Amino acid sequence: MALNRKALDDLRDTVGQLGERLSDQLGRSGLRGADELGERLGNRSGVRPGPARPLSVLQAELDGLVGLDTVKEQVRALVAFLQVQARRKTHGLPEAATSQHLVFLGNPGTGKTTVARLLAEMYRAVGLLQKGHLVEVDRAGLVGQYVGETAVKTDRVIRRALDGVLFIDEAYSLAPEGEGRLDFGTEAVEVLLKRMEDHRHRLVVIVAGYPRLMESFLLSNPGLRSRFAREVDFPDYSTDELQEIFAIIAAQHEYELAPGAEETLRRILAGLHPGEESGNARFARTLFEQALNRQALRLTRDGARSADDLDRADVVTLTSDDIADAARALGEEPLPLPAPDPTGWRRWLA
Ligand SMILES: Nc1ncnc2c1ncn2[C@@H]1O[C@H](COP(=O)(O)OP(=O)(O)O)[C@@H](O)[C@H]1O
Ligand SMILES: [Mg+2]
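The following paragraphs examine the structure supplied in this document. Quantities reported herein were computed from a predicted structural model and do not represent experimental measurements. Within each chain, residue numbers correspond to sequence positions counted from 1 in written order. Chain A is the first chain written and ligand 1 is the first ligand written, with later ones labelled in order. Residues qualify for local features only when their pLDDT is at least 70, as the model is predicted, and side-chain atom pairs are given and counted only at 80 or more; totals for whole chains, interfaces and linings, by contrast, use all residues.

## Remarks on the site of ligand 1
Here, nearness is defined through the C-beta atom: a residue counts as near a molecule or strand if that backbone-placed atom lies within 6 Å of it. Neighbouring ligand 1 are 17 residues; Gly111, Lys112, Thr113, Thr114 and Ala281 lie closest to it. Sorting the residues of the shell around ligand 1 by element identifies helix 5 (112–125), helix 11 (239–252) and helix 13 (280–301) as the ones contributing at least two each. Any residue that is not Ala, Val, Leu, Ile, Met, Phe, Trp, Tyr, Cys, Pro, Asp, Glu, Lys or Arg is counted as polar, Gly included; the first ten are nonpolar and the last four charged. When grouped by side-chain class, the residues that make up the shell around ligand 1 number 7 nonpolar, 7 polar and 3 charged. Only runs of H or I of at least four residues qualify as helices and only runs of E of at least two qualify as strands under DSSP, and these elements are numbered from the N terminus.

## Describing unusual backbone geometry
Trans peptide bonds make up most of the peptide bonds, and negative phi angles are found at most residues other than glycine. For aspartate 163, which is not glycine, the phi dihedral falls at a positive 70 degrees. Exposure classification rests on a simple neighbour count of other C-beta atoms within 10 Å of a residue's own: a residue reaching 20 or more is buried, one at 12 or fewer is exposed, and one in between is partly exposed. C-beta atoms are placed from the backbone. Residue classification places aspartate 163 among the partly exposed positions, given that 19 C-beta atoms sit within 10 Å. Positive phi outside glycine occurs at asparagine 280, with the angle close to 50 degrees. If you trace the backbone, asparagine 280 turns up in helix 13.

## Examining the packing of helix 11 against helix 12 (residues 261–270)
To get an axis, a line is fitted to the C-alpha atoms, and for a helix only the part in contact is used. The angle between two axes follows their N-to-C directions and goes from 0 to 180 degrees. Look at helix 11 against helix 12: their axes get within 9 Å of each other, and the N-to-C directions meet at 130 degrees. In this view, helix 11 runs oblique relative to helix 12, as classed from their interaxial angle. Our pair here, helix 11 against helix 12, has a crossing hand that is right-handed. Between helix 11, through Thr239, Leu242, Gln243 and Phe246, and helix 12, the contact on the second element is made entirely by Leu265, Arg266, Leu269 and Ala270. Reported orientations rely on four angle classes, namely roughly parallel under 35 degrees, roughly antiparallel over 145, roughly perpendicular from 65 to 115, and oblique for the rest. Here a crossing is called left-handed whenever its near helix is offset anticlockwise from the far helix by less than a right angle, and right-handed whenever the offset is clockwise. Two residues form a contact once the distance between their C-beta atoms, set from the backbone, is within 7 Å.

## Some points on helix 13
By definition here, a helix of n residues has an expected span of 1.5 Å times n minus one. With 22 residues, helix 13 extends 32 Å between its outermost C-alpha atoms, agreeing within 8% with the 32 Å of an ideal straight helix rising 1.5 Å per residue. Among the residues of helix 13, Asn280, Ala281, Phe283, Ala284, Leu287, Phe288, Ala291, Arg294 and Gln295 are the ones counted as buried. The buried residues of helix 13 occupy one face: seen down the axis, they fall within an arc of 135 degrees. Residues of helix 13 that are exposed and point more than 90 degrees away from the buried face comprise Leu297 and Thr300. When we speak of the arc, we mean the arc of directions from the helix axis to the C-beta atoms.

## Regarding the sheet that holds strand 3 (residues 164–168)
By this definition, two strands are paired if DSSP reports at least two bridges between them. The strand order across the open sheet formed by 5 strands is 2-3-4-1-5, and the pairing between neighbours is parallel. Two strands close off the open sheet at either side, each with one partner strand: strand 2 (134–137) and strand 5 (230–234). The sheet shows a mean angle of 20 degrees between the axes of neighbouring strands, taken without regard to direction. Looking at chain direction, strand 3 and strand 4 (residues 203–209) are connected through 5 bridges and run parallel. Among the inter-strand pairings, phenylalanine 167 is bridged to a residue of strand 4, identified as isoleucine 206.

## Here we look at the environment of glycine 279
Along the chain, the position of glycine 279 falls in the loop between helix 12 and helix 13. For glycine 279, a count of 20 C-beta atoms within 10 Å gives the class buried. Spatially, the C-alpha atom of glycine 279 lies 9.7 Å from that of tyrosine 237, the residues being 42 residues apart in sequence. In this view, glycine 279 contacts Pro108, Gly109 and Thr286; residues no more than four positions away in its chain are not counted.

## Here we look at the pairing of strand 3
Taken across its 5 residues, strand 3 has 5 buried, putting it largely inside the fold. Where strand 2 and strand 3 come together, 4 bridges link them in parallel fashion. Bridging across to strand 3, glutamate 136 finds its partner in phenylalanine 167.

## Remarks on helix 5
With 14 residues, helix 5 extends 20 Å from end C-alpha to end C-alpha; this agrees with the ideal 20 Å at 1.5 Å per step. Burial analysis of helix 5 places 12 of its 14 residues in the buried class, which makes it a mostly covered element. Within helix 5, burial applies to Lys112, Val115, Ala116, Arg117, Leu118, Leu119, Ala120, Glu121, Met122, Tyr123, Arg124 and Ala125. Following helix 5 by one or two positions, glycine 127 has its phi on the positive side, about 90 degrees.

## Looking at the environment of phenylalanine 184
Tracing the chain through its elements places phenylalanine 184 in helix 8 (residues 184–198). The spatial distance from the C-alpha of phenylalanine 184 to the C-alpha of glycine 144 is 7.1 Å, given a sequence separation of 40 residues. Every residue in contact with phenylalanine 184, bar those within four places of it in the chain, is listed here: Val143, Gly144 and Thr150.

## Some thoughts on the packing of helix 11 against helix 13
With their axes 9 Å apart at the nearest point, helix 11 and helix 13 run at an angle of 45 degrees to one another. The angle between helix 11 and helix 13 falls in the class oblique. Two packed elements cross with a definite hand, and for helix 11 against helix 13 that hand is right-handed. Contacts between helix 11 and helix 13 pair Leu242, Ile245, Phe246, Ile249 and Ala250 from the former with Ala281, Ala284, Arg285, Leu287 and Phe288 from the latter. Taken together, the residues of the contact of helix 11 with helix 13 sort by class into 9 nonpolar, no polar and 1 charged.

If you want it as structure tokens, here you go:
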């Protein structure tokens, strides 16, 4: 279920981007109404919300994510706060004026987009946002190459995100390095801050990126620090957690690990260098996808055997070699097996 949703989301994003690109093309060729057309395409693809899922279902999906304990706790606190505020409103009491905009700090592949998508739906479930969709952009989606282009682009993206969440990945790239440098990123931030104010009740913005770069981004404009008061930390996954994530992905796709494959997987994951480049959960997913290619090659290499002869066990099983070869294709070598313990031998001989 979760998997199908992801595929659907990806498809929706792609169609949304196509719509946007088309509208850009039309805009450049000077056709009138291109913006409106792009808007409508955007609406048809990315903005129309699916049926609302109840909070309990969303909460269960969040709880089902591997690890991320502090993230889950923070999300729960946020949602609880909103529920109480909504209740206060029904009792005719004033709502506490706090901003729901968030900073997600974490390396790539740590689950930021996944959690943002769920959170957007939760915001809809508690009545904060009407649609609860997620529009994900990076610098290229906001910043233009020519004077005047950035404001138009940023505005368009914000319109698509209204009543949902605007997720700006690698947001630090909007802040120019070195002072006084002319950069359209600054313009995008200014438009963003203005629209956040104009559409206070219709837009939640999440800015995400590497922890070490986000702080200087937030300090680059005084308006940013005050609006993005809440930070959520996404730590790197441990080897155990990555192994569990791999197992979940494999199970979702109905694949199984042959004896020994789990051990190989563990040695690969344990050999990853933690930090910005490790890929985290995304590495687990890519490794799985590569392993499928290796399995297919292995199963069809034997010229004497036709693919029609493969039985169920053949096609569901990933071997140790499938996974080790997949890791090598991704530039990772499994850690060597631990050397046999010599004292064990002596004990055995004695
Ligand atoms: N805690 C988790 N449990 C299971 N799968 C996860 C988890 N975190 C991330 N993933 C998977 O890893 C991939 C990358 O996650 P993503 O949310 O895009 O990371 P980020 O936005 O931080 O780069 C996605 O395919 C996602 O489904
Ligand atoms: Mg992401």
